[in-house]
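Report on the structure
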Amino acid sequence: QVQLVESGGGLVQAGGSLRLSCAASGRTFSSYGMGWFRQAPGKEREFVAAINWSGDSTYYADSVKGRFTISRDNAKNTVYLQMNSLKPEDTAVYYCASARSIGLHTTTLREYDYWGQGTQVSVSS
């Protein structure tokens, strides 16, 4: 059974930084693309960043480009999201997810089949 467990969320002032982690188990982690998504209250879940199986290709939402960095450590079965220059509009529950097929690298929510429980990120102004 695939499990994804996020950590690293919290409350931070605008301009601050946080690093989210997502530990994966139950699947050959290094074969699958991974993504981060977020959902703010009253809004739909949206794409934030994605990384391919080897870590040499990434995608970012325009709203986070230049501020967030996605990375992975396949030896530790972990994907990270480094968030810098945080803004109040970044406040949301952040979810990591695993793409549904080997080698798939995508920004599309429905192409991810396993999800973590989410971690809250709150940015105060």
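Structurally, Arg38 is set in strand β4 (residues 34–39). By relative accessible area, which is 5% here, Arg38 ends up buried. Side-chain polar atoms of Arg38 contact the side chain of Glu46, separated by 2.7 Å. Of the polar contacts made by the side chain of Arg38, one reaches the side chain of Tyr94; its length is 2.9 Å. For Arg38, the residues in contact, after removing those within four places along its chain, are Glu44, Arg45, Glu46, Val48, Ser63, Val64, Phe68, Glu89, Asp90, Ala92, Val93 and Tyr94.

It is worth spelling out the environment of Glu89 at this point. Looking at the element boundaries, Glu89 is found in the loop between β8 (78–83) and β9 (92–99). Between the C-alpha atom of Glu89 and that of Ala14, which follows or precedes it by 75 residues, the distance is 9.6 Å.

Thresholds applied
The numbers attached to residues start from 1 for each chain and follow its sequence in the written order. The predicted origin of the model limits local features to residues at a pLDDT of at least 70 and limits the giving and counting of side-chain atom pairs to 80 or more, whereas totals for whole chains, interfaces and linings rest on all residues. Calculated side-chain values reflect all of the structure's heavy atoms, with hydrogen atoms and water omitted. Numbered from the N terminus, helices here are DSSP runs of H or I no shorter than four residues, and strands are runs of E no shorter than two. Only protein chains enter the accessibility calculation, which uses a 1.4 Å probe; a residue whose area is less than 20% of its type maximum is buried, one above 50% is exposed, and one in between is partly exposed. Polar contacts, as counted here, are pairs of nitrogen or oxygen atoms within 3.5 Å of one another; within protein the pair requires one atom able to donate a hydrogen and one able to accept it, and residues that are adjacent in sequence qualify only if both atoms are side-chain atoms. Every residue pair with non-hydrogen atoms within 4.5 Å of one another is taken to be in contact.

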